[in-house]
Amino acid sequence: MRFQHPSTNWHRDAAIALLLTLLALFVRVDRLGFNSLSEDETAKWLAVQEYRQGHFVGVNSEHPMLPKVLEWTSLTVGEHWARLSSAHGWPAPNPEAWLRLPNVVLGSLTVAALFLLCRQLMGFAGAFAASFFWAISPLAIALNRLAKEETPLTFFTVLACYFYCRAKRANANLKTRRWYDLSAMSFALAFASQYMIHLFGLNQLAWYLAGRNGLDHKPFAKTCKRFFVVMFVTFLVVNPVFFSPANFNSVLHWLHHDGIRHSGYAFEGRLYVNLPGRLLAGLPWYYYVRLLFVKTPIPILASILAGSVLLLLRNRRSLASCFFLSFGVLQIVPLSLCGAKWIRYSLPMLPFLYLAGGYAVQEAWNWMQQRRVSMAVAGATAVALVAWPVAELYMWSPYYPFYLNSLGGGARNITHYFTPDEVSEFDTREVAQQVCPTAPQGARLATARPMSMHYYIEQCGRNDIQVLPLYDSQYVPSAGDLIILEPSRRFFETQRFFDALATARMSHSEVHVGPVLASTIYHFEPSTLDQDGQEVLAGGARPKTYLAAHAAAPKRMTTDILVLWPFPLRRTR
């Protein structure tokens, strides 16, 4: 199959890309600040405060500068907006929303970048379907609503692949050089979002496969020197602290796991060690496969599976197949082998899985046109493909991280599979609001999310409350301590508190996030503990579950998640 230029109607394509982007933005920005800052997001907020003081070196340096600069800009705009809104009575989003807004915008723009890339690889129907899948997929929406580096990494990578494809398609040398320059700058921005340089290698692999299949006759070697110079210069402009010794020390510190003070991931009711070096000894290899199968709407999942079969078995000599094999299949393999797994790590491969789904839609459309299938039948199929995911999206809003399709058990199994990613730190603000009015002066509060909790305690004006990390092995509770147990923050280091407090007749209160019990606030009273519990919390004996988890992961670990209603129908706290 020869690499042929698709016929395009640029006015129509631009209009469709704009409409899909607006749809994605509307869905992602809705109630953006309703959940609390996570630990990682709080670290970004603190880094922005350091930037404002002129401190750039050694500040959250395991991550590049670009996302934090965007968040700094957004927070500054938010502060100006707050002053204007207070004077004119306009609505004002909270700081959490302003911190996340850059990622929401970039996640929405990924729709346009994906649509333009797919238009270079397939027809209009397939490109529309792939970008629509990204726009309304609960998994992509949930990840774009976090202030994490994967969203800008994904956007700039997809954009770079599109510019690179245009360079390969250009006829004139001057146009080729301009498209290559844009691609180099986009890859540099991707690296300045997260240090994941292998994505450029995957792009080169895709075009190597294209060349082997006779789809690429324009060698890259003639322009590679200029390409890398442009990439390097752009990277330094947006990430100038990269070569500072403090930055390198932070990156090495992070690579050696020196900053890790807790470990454990509750997956499918079982506690696993979640460290990169454990490889297959950590979380199960099928983690991301399970993620795709239970958190993707059924019509989109069916399209992805059908497109994967077509691209891998039937149409291997297509450029779409080269991109899917390189960015889709070859990304999921190392992610599955790695011992540390988080839902957000899957984001860069999702556009290329949706590309496969779009390809299946394109092939189905071509087949219906050749067979002259009734437009009524084609329209009904299209409506079902669109209406089903949109209806589910509406019913689960704004609890997108909780979404499960019928294969995953729907609302019955909320937080059963990926509790640490789905619930983690959603309710820190609400916990602080309960604690601040009632906590005695100088109280100690132990939690597995000390950074974000300290932020919200300060927002309440209770700087006298001492926030302690619950996972600190040196922490021994005293009478009157406030101990916050969060099932989503169940680590090997905090397991002893779950075992000891579960049977204690201790006064406590609960905090819910939508359909789940997110936190329990215990007012520690040693007299309510039995002898075993007292020994465990005193740092002596270890609970059986703790010892078993370190020797070999237990067969079953109970969870404290409470489903409050059968389906999260448009309800808020």
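Residues numbered from 1 in each chain as written. Predicted model: local features only at pLDDT ≥ 70, side-chain atom pairs only at ≥ 80, totals over all residues. Heavy atoms only, no water.

Draft legend 1. Representation of the overall build of the protein within the structure. Of the regular secondary structure elements, the protein holds 22 helices and seven strands. Against the globule reference of 25 Å for 573 residues, the protein gives a C-alpha radius of gyration of 25 Å, in line with a compact fold. Seen through its principal axes, the protein has C-alpha atoms that stretch 80 × 55 × 55 Å. When each of the 573 residues of the protein is scored for burial, the buried share is 55%. Across the protein, the fraction of contacts at a sequence separation of at least 24, relative to all contacts at a separation of at least 6, is 74%. Between the mean site of the 51 positive side-chain charges and the mean site of the 36 negative ones, the protein shows a separation of 15 Å. (Helix = DSSP H or I, 4+ residues; strand = E, 2+ residues; numbered from the N terminus. Rg over C-alpha atoms; globule rule 2.2 N^0.38 Å. Buried < 20%, exposed > 50% of the residue type's maximum accessible area, 1.4 Å probe, protein only. Contact = heavy atoms within 4.5 Å. Lys, Arg positive; Asp, Glu negative; His and termini not counted. Charge placed at Lys NZ, Arg CZ, Asp CG, Glu CD.)

Draft legend 2. Seen up close, the environment of Leu215. Turning to its location among the elements, Leu215 is positioned in the loop between α9 (198-212) and α10 (224-238). Take Leu215: its relative accessible area is 3%, and that puts it in the buried class. Through-space distance from the C-alpha of Leu215 to that of Asp481 is 67 Å; in sequence the pair is 266 residues apart.

Draft legend 3. Layout of a nonpolar patch on the surface. A cluster of nonpolar residues, Leu279, Leu280, Trp285, Val289, Phe293, Leu305, Val333, Leu337 and Leu407, forms a patch on the protein surface that exposes about 830 Å² of accessible area. Listing elements by their share of the nonpolar patch, those giving two or more residues are α12 (287-294) and α14 (319-337). (Patch = residues over 30% accessible without salt bridge, like charges linked within 9 Å, V, L, I, M, F, W, Y side chains within 5 Å. Areas by Shrake-Rupley, 256 points an atom, 1.4 Å probe, with all protein chains shown as cover. Salt bridge = Lys/Arg side-chain N within 4 Å of Asp/Glu carboxyl O.)

Draft legend 4. Just helix α19 (residues 450-459), in detail. Among all positions of α19, only Pro450, Ser452, Met453, Tyr455, Tyr456 and Ile457 are buried. The first or second residue beyond α19 is Gly461, which carries a positive phi of 80 degrees.

Draft legend 5. Broad picture of the pattern of salt bridges. One pass over the full model with this rule turns up 20 salt bridges. In this structure, the salt-bridge partner of Arg344 is Asp40, at a minimum N-O distance of 3.9 Å. Linking Arg344 in the loop between α14 and α15 (350-370) with Asp40 in helix α2 (residues 39-52), this pair joins segments that are 304 residues apart in sequence. For Glu430, the salt bridge identified is with Arg429, shortest N-O distance 3.2 Å. In this structure, Glu430 and Arg429 share a single accessibility class: buried. Overlapping salt bridges, with partners in common, bring together Asp40, Lys44, Lys148, Glu149, Glu150 and Arg344 in one network.

Draft legend 6. Examining the packing of aromatic side chains more closely. The tally for this structure, following the rule as stated, stands at 53 aromatic pairs. Through successive ring pairs, a cluster of aromatic residues spans Tyr164, Tyr180, Phe187, Phe191, Phe200, Trp207, Phe220, Phe227, Phe228, Phe323, Phe327 and Phe352. Just above the ring of Phe124 sits the side chain of Arg12; from NZ or CZ to the centre is 4.2 Å. The ring of Phe498 has Arg490 lying over it, and the distance from NZ or CZ to the ring centre is 4.0 Å. (Phe/Tyr/Trp six-rings, centres within 6.5 Å; stacked < 30°, edge-to-face > 60°. Lys NZ or Arg CZ within 6 Å of the ring centre and 35° of its normal.)

Draft legend 7. Representation of the nonpolar core within the structure. Ranked by size, the top nonpolar core spans 97 residues in total, and within it Phe227, Leu319, Phe323 and Phe418 carry the most contacts. Core analysis: the second largest hydrophobic core is formed by 24 residues, Leu37, Ala432, Ala439 and Leu445 among them. (Core = buried A, V, L, I, M, F, W, Y, C linked by side-chain atoms within 4.5 Å.)

Draft legend 8. Spotlight on the sheet that holds strand β4 (residues 466-469). Taken together, five strands build an open sheet; the order of strands is β4-β3-β5-β7-β6 and the sheet is mixed. Where the open sheet ends on each side, the last strands, each with one partner, are β4 and β6 (508-513). Each strand axis lies, on average, 20 degrees off the axis of its neighbour in the sheet, ignoring direction. By the bridge criterion, four bridges tie strand β3 (residues 444-447) to β4 in an arrangement that is parallel. Across the sheet, Ala446 pairs through a bridge with Leu468, a residue of β4. The strands touched by α19 are β3 and β4; relative to β4, the strand with the most contacts, the crossing angle is about 170 degrees. (Pairing = 2+ DSSP bridges. Axes fitted to C-alpha atoms, helices over the stretch in contact; angles between N-to-C directions.)

Draft legend 9. Fine view of helix α16 (residues 375-396). Taking 1.5 Å per residue, 22 residues should reach 32 Å; α16 reaches 32 Å between its end C-alpha atoms and fits that length. When α16 is considered as a whole, its buried residues turn out to be Ala378, Pro389, Glu392, Leu393 and Trp396. The inward-facing, buried residues of α16 contact α1 (10-29), α5 (124-136), α6 (138-144), α13 (298-314) and α15. (Expected span 1.5 Å × (residues − 1).)

Draft legend 10. Structural detail: the environment of Glu430. In this fold, Glu430 is placed in helix α18 (residues 428-438). Classification of Glu430 as buried rests on a relative accessible area of 14%. The sequence separation of Glu430 and Pro526 amounts to 96 residues, and the corresponding C-alpha distance is 26 Å.

Draft legend 11. Highlighting the side chain of His63. As for its position among the elements, His63 is in the loop between α2 and α3 (66-88). Owing to a relative accessible area of 15%, His63 belongs among the buried residues under this scheme. In contact with His63, not counting residues within four places along its chain, are Lys44, Lys68, Glu149 and Tyr195.

Draft legend 12. The pairing of strand β7 (residues 516-523), seen in detail. Counting buried residues in β7 gives seven out of eight residues, a clear majority hidden from the surface. Note that strand β5 (residues 482-485) and β7 share four bridges and pair antiparallel. Note on β7: the bridge partner recorded for Ile483 is Tyr522. Relative to β7, β6 is paired through six bridges, and the arrangement is antiparallel. Bridged to His512 within β7 is Leu517. If you look at the hairpin formed by β6 and β7, you'll find two residues sitting between the two strands, and Gly514 has a positive phi there, around 55 degrees.

Draft legend 13. Summary view of the packing of helix α8 (residues 173-191) against α10. Following both chains from N to C, one finds α8 and α10 inclined at 40 degrees, their axes separated by 8 Å at the closest point. Classified by the angle their axes make, α8 and α10 are oblique. Read as a crossing pair, α8 and α10 show a hand that is right-handed. Residues Arg177, Tyr180, Asp181, Ser183, Ala184, Met185, Phe187, Ala188, Leu189 and Phe191 of α8 form the contact with α10, whose participating residues are Arg226, Phe227, Val230, Met231, Thr234, Phe235 and Val238. (Parallel < 35°, antiparallel > 145°, perpendicular 65-115°, else oblique. Left-handed = near helix turned anticlockwise from the far one by under 90°.)

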